[in-house]
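Descriptive analysis of the structure
Each chain, letter by letter, is given below.
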Amino acid sequence: MPLLALRYLQAKTGRDFSVLCVAVCDSTTNPIANYQRHNPEMAMEGFNGCLMSQLRQSRVQLARHVARTPSRAYSAPPNGSIPAAKKKYVPTQGTYPLGFRASGTIVGVKPSNKTKPDLFLLTSDTPCAAAAVFTKNKFQAAPVTFSRNLLQQKSNQGIQSVIINSGCANAVTGKGGLEDAAKMAHEADKCIGHSDSTLVMSTGVIGQRLPIDKILNKVPDAHRALGGSHDHWLTAAKAICTTDTFPKLMSRVFTLPSSPDIKYRIAGMTKGAGMIHPNMATLLGVIATDAPIASAALPPALKHAVDRSFNSITIDGDTSTNDTIALLANGAAGGKEVAEGTPDYEAFRAVLTDFAAELAQLVVRDGEGATKFVAIRVTESASEEAARRIASTIARSPLVKTALYGKDANWCVEPECR
């Protein structure tokens, strides 16, 4: 089945909207049959009995073709190695925000996992201002409900850590799932020494309960393993991966207008390779900065950034139950507090938006079956909403997907074609 990952972002304001989309397609099936599968009503109208007969007769030929086609591994290699083509996206060093420490610990959430870290912990030495955006899926997982309620309860203040497990999404698990999410947060709070200060995320298989005792028993180990080095952050990034073929980690240094002599740091990690579609899907992300951002300024800044990054990518048109992007700011680098509407706020929001966009591109580049990275540009649009709708329509079109994969746009501009 062809897969298309598209990223479309507003690049300018006013009447001109530049919308980028990243296309990642692959197929080992008949594109016509795939089009029929995604558009059953149109398929029934468009395919007559003769064509369907021909398609049935082509099964043997197709099977022979597939047998001769080299197979591709779309999920992470079982031995944890990173495909050679993806190694260039994995940083070998970084500059990380002051006061934050990270770790990745092996729990074995999936019984078959004996070697891959699957418990993530990020902690700040001091309480942070925090914000998060969550999936809009109607079936929201227990960690989404827990973390949203905690941020509301704390008024986006006093958050000190984030704990994430991979291997089990803790989704569609009812009251028990909520209790499990709360237990994870409580155990992390005990290690840190503060109450009601931990956000929770989970990713993995939907519809089953967490092996909660195994996770809780490993939280102290995760706390002892915390550190601020590049290796610590990279291991933490690996811990949230599921079908990802490489860990997605970035860091950057920036300045603000009111304190040009202070170097602020921002770092973030994300995961996602399939079920990617606005508004986010099977996608988790954590961004941390040592800039002194006011708690009231974080939510609008994060929403602005995510709308132009993580909420503007699609791979397969499916949304998920667990999507969460969290932002923590501890102010450890010093300087004047950044309030909404100030030049510092505008500068920080621009840095955050660019940073989130680059993280989102890593998700697209790791799309399951990824073979192409294509840009679609929408100009002269009457509004941003219209530009997004145009780009989204193109991005989700099975005809566009098959044309991109087949490298045949069915569009001739040569004189002999007219």
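So, how was this worked out
Residues numbered from 1 in each chain as written. Predicted model: local features only at pLDDT ≥ 70, side-chain atom pairs only at ≥ 80, totals over all residues. Heavy atoms only, no water. Salt bridge = Lys/Arg side-chain N within 4 Å of Asp/Glu carboxyl O. Helix = DSSP H or I, 4+ residues; strand = E, 2+ residues; numbered from the N terminus. Buried < 20%, exposed > 50% of the residue type's maximum accessible area, 1.4 Å probe, protein only. Core = buried A, V, L, I, M, F, W, Y, C linked by side-chain atoms within 4.5 Å. Contact = heavy atoms within 4.5 Å. Phe/Tyr/Trp six-rings, centres within 6.5 Å; stacked < 30°, edge-to-face > 60°. Polar contact = N/O pair within 3.5 Å; in protein donor to acceptor, adjacent residues only side chain to side chain. Axes fitted to C-alpha atoms, helices over the stretch in contact; angles between N-to-C directions. Parallel < 35°, antiparallel > 145°, perpendicular 65-115°, else oblique. Left-handed = near helix turned anticlockwise from the far one by under 90°. Nonpolar A, V, L, I, M, F, W, Y, C, P; charged D, E, K, R; others polar.

As a further point, take the pattern of salt bridges. With the rule as written, the count across this model stands at 14 salt bridges. Linking Arg101 and Asp125 is a salt bridge whose minimum nitrogen-to-oxygen distance equals 3.3 Å. Of this pair, Arg101 sits in strand S2 (residues 100–105) while Asp125 sits in strand S3 (residues 119–134), and the two are 24 residues apart along the sequence. On the basis of relative accessibility, which here comes to 28%, the residue Arg101 falls in the partly exposed class.

Below, the discussion takes up the nonpolar core. The tendency in soluble globular proteins is for nonpolar side chains to be buried as a group. Of all hydrophobic cores here, the largest spans 87 residues; its most connected members are Phe120, Trp233 and Phe348. Of the residues forming this core, the biggest block, 11 residues, is contributed by S3. Trp233 has contacts with Tyr96, Pro97, Phe100, Ala102, Leu122, Gly227, Gly228, Leu249, Ala267, Met269 and Ala288, leaving out every residue within four places of it along the chain.

Bringing the packing of aromatic side chains into the picture now. Counted under the stated rule, the structure contains 4 aromatic pairs. Through successive ring pairs, a cluster of aromatic residues spans Phe254, Tyr264 and Phe348.

Our focus in this paragraph is the side chain of Ser161. Residue position: Ser161 is located in strand S4 (residues 159–168). Within polar-contact distance, the side chain of Ser161 engages the side chain of Thr198 at 2.5 Å. Discounting residues that sit within four places of it in the chain, Ser161 has contacts with Leu122, Thr123, Ala188, Ile192, Ser197, Thr198 and Leu199.

Before going further, it helps to examine the packing of helix H5 (residues 142–154) against helix H6 (residues 174–192). Remark: H5 packs on H6, axes separated minimally by 8 Å, with the N-to-C direction vectors making an angle of 55°. Relative to H6, the element H5 lies oblique. Remark: the crossing between H5 and H6 carries right-handed chirality. The residues of H6 that touch H5, namely those facing Ala142, Pro143, Thr145 and Phe146, are Gly177, Leu178, Ala181, Ala182 and Ala185. Residue composition of the contact of H5 with H6, by class: 7 nonpolar, 2 polar and no charged.

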